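Each chain, letter by letter, is given below.
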Amino acid sequence: MEEQETQTEPQQNESSLQILEVYEEINIKWRGLPLEKRPKIQKIQLNTAAKNSIRAIDSALREIIQNAMDFEDLCHKVYCAAITANLIVQTEKKGGEQNQQPRKPPWEERLEKRIASLRKEISIIHLYMNNEKVSNRVHRKLREYIRKIKLKERDAHYKTKLRTHLEKLKQKIAALGNRLRRYHKRTQRYQQNNQFTNNQKMFFRKIDQKNNGKNEKPPNPKKMKEHWSSLWSAEKEHNRTAPWIEIERKAQQHLQEMPKVTVSENDVKETTRRMKNWVSPGIDGIHNYWFKALTSAHKAMARLIEEALENPEIIPSYFTKGKTFMVPKKGDLAQPENYRPITCLPSAYKILTSTLAHKISTHLKSNNIMAWEQNGCKSKSRGSKELLVIDRAITKQAKKKNKNIAVAWIDYQKAYDSVPHSWLIEILEIYKIERRVINTLKFLMNTWRTTLSVSEGKETYETSEILIRRGIFQGDGLSPPWFCLALNILSSMLNRSAYGYAIDARTKLTHLFYMDDLKLYARGRTQLEGELELVRSFSEDIGMTLGLEKCATITVKRGKMVEEENMRLRDDKQRIKNKQKQNYLGG
């Protein structure tokens, strides 16, 4: 045993020295060049050999990575370690993979070859049957074919049998074509099921692109930037004197202060564990996987996050620079509003904000702050499915027991892009989030910016930077729960009111929330008007606008829907349409 250990130690030392040599070479090459100007790190095939190599690299570079002086130094070392792994694993260049044509599966090649052979035979027989004189080549080929079916030219019914054979060949081609189409559908179904399981965003994106089927040119860079700058860069303050804010402050005055945040190596490990490996990286080109696999970076990251809470100015400026890809939606693609923005952020920034998000979430859960009606960011839940089950149970009860119920569907215009930053900060203060966390997020918020990347066919461009002065910065783990928290007081206002649908003598339901999708429940039209006024005044005070063209109401009296005039909002000339049918969360 001792001999074996002494043999393996020199081997490990030798491999570590080789790794260090490769790493130092890469370190010298890229040292001093900004991360955003370096090429992106390529993905690697995660087989057993590759994983063992990455573990060896992590072990050899542990001390180097853990001694990172700041965030930028840590990211540089992780970048060089990832390049080292690529060289050792010998990853093929991505460009070479893209140039290779995807090979057809063997079954498809066999069927297509068989169909081509049958078509050739049909064409020869067709030439012979429809022409008095044919070439010697056609005669030779025809003899080959009739020899296979044991047909002779001197046969009295030669041409009749040849026609019968021709029809059989056509039927064979039709059968093979049907089989080919059936196999294609089965393969496509398998691929779609697999993609839906592993990457739902890409699955729905492909469906949207297929449904659009349009070839309009995207808007020019100036038009695209002007539209989204008008949403994101137009700074707006919420109404700080709104009476409901003071009411909520008093309701939370006995709330326990959030304890001082301490970030450990295990916190960073848990954060990286929750992150997906190969999602598109930010401008630094580092995928989440490298922060997950290089465990030596966890200790350094925890230490640097602790330092950032004391002094946010040490956070590099490129952390808060996103790259926003504009994905086409339905409608005229020449209009900027018909694109969905998806922002890619640096992995290190996402680790920082996701770790803080987990600490905030722990505080919210321990004090039972988030309304149960909000199912948008609830962990270990079925999200919209649970709300749809509740909604179905309520509507079935109203119908079965012949009860009165009034329902409204509320839609916000550009909800994520319109909530003011001043309100995002104040909501953290109301719920007594630790001051250092608030100061850090406030500092980061002031430096949010992004560029727009548009790629539609041959049209590809990237705009200059757009400052984010309004709305949440989509792309990290903190943004969704922060947005839900910003709407949480609306749930409190609705639940404190006298409105709502009575399920039984002790239980009532006023609303259900999924992110910004809101459904209101009341005992009748008058009560529903009161709930709508609460929603309107709250939304107006925090600078968010209702999309009235997508809002709708339904009134049910004694278990049956009734047609009534459209509902007018107070202080608003527009009305909410009364509809006989409306979907909630796609249900």
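Structural data are supplied above this passage.
Residues numbered from 1 in each chain as written. Predicted model: local features only at pLDDT ≥ 70, side-chain atom pairs only at ≥ 80, totals over all residues. Heavy atoms only, no water.

**Student:** Would you take a moment to explain empty space enclosed by the protein for this structure?
**Tutor:** Sizing a probe to match a water molecule and rolling it over the atoms shows the empty space that remains. Applying the stated rule across the entire model yields 2 cavities of 30 Å³ or more. Within this model, the largest cavity holds a volume of roughly 80 Å³. Lining the largest cavity are Trp232, Thr324, Pro341, Thr343, Asp417, Thr450, Ile468, Ile472, Phe473 and Gln474. Residue classes in the lining of the largest cavity are distributed as 5 nonpolar, 4 polar and 1 charged. Size it by volume and the second largest cavity reaches roughly 50 Å³. Lining the second largest cavity, in full, are Tyr349, Thr353, Leu441, Leu444, Trp448, Phe473, Asp476, Leu478, Ser479 and Trp482. Secondary-structure elements contributing two or more residues to the lining of the second largest cavity are α15 (347-366), α19 (435-445) and α20 (479-486). Its residues assigned to classes, the lining of the second largest cavity shows 7 nonpolar, 2 polar and 1 charged. (1 Å grid on protein atoms, 1.4 Å probe; cavity = no way out; pocket = protein on both sides within 12 Å on 5 of 7 lines; lining within 4 Å. Points joined across faces, edges and corners; volume = space filled by probe spheres on them. Nonpolar A, V, L, I, M, F, W, Y, C, P; charged D, E, K, R; others polar. Helix = DSSP H or I, 4+ residues; strand = E, 2+ residues; numbered from the N terminus.)

**Student:** Even after reading the chapter, I still don't get the pattern of salt bridges, so can you show me in this structure?
**Tutor:** When the charged atoms of two side chains with opposite charge come close together, those side chains can pair. Evaluation of the coordinates by the stated rule reveals 22 salt bridges. For Lys359, the salt bridge goes to Asp267, with nearest N and O atoms at 3.0 Å. With Lys359 in helix α15 and Asp267 in helix α12 (residues 265-274), this residue pair connects regions lying 92 residues apart in the sequence. Overall, Asp267 belongs to the buried group, its relative accessible area being 17%. (Salt bridge = Lys/Arg side-chain N within 4 Å of Asp/Glu carboxyl O. Buried < 20%, exposed > 50% of the residue type's maximum accessible area, 1.4 Å probe, protein only.)

**Student:** Is there a simple way to think about helix α6 (residues 106-130) in this case?
**Tutor:** Side chains three or four residues apart in an α-helix point the same way, a direct result of the helix having 3.6 residues per turn. In a regular helix each residue adds 1.5 Å, so 25 residues correspond to 36 Å; α6 covers 36 Å between its end C-alpha atoms and thus fits that length. Looking at the buried positions of α6, the neighbouring elements they touch are α7 (136-148) and α8 (158-198). (Expected span 1.5 Å × (residues − 1). Contact = heavy atoms within 4.5 Å.)

**Student:** Quick question: what am I supposed to make of the nonpolar core here?
**Tutor:** One recurring pattern in soluble globular proteins: nonpolar side chains tend to sit buried together. Counting residues in hydrophobic clusters, the biggest one holds 118 residues, and the most contacted among them are Trp290, Trp423 and Trp482. In terms of residue count, helix α4 (residues 71-89) provides more of this core than any other element does, 10 residues in total. Ignoring anything within four residues of it in the chain, the contact list for Trp290 reads Ile41, Gln42, Ile44, Ile54, Val78, Ala82, Ala85, Asn86 and Trp278. Counting residues in each nonpolar core, the second largest holds 20 residues, with Ile115, Ile122, Leu166 and Leu176 among its members. (Core = buried A, V, L, I, M, F, W, Y, C linked by side-chain atoms within 4.5 Å.)

Shape is all these values report; function is a separate question.
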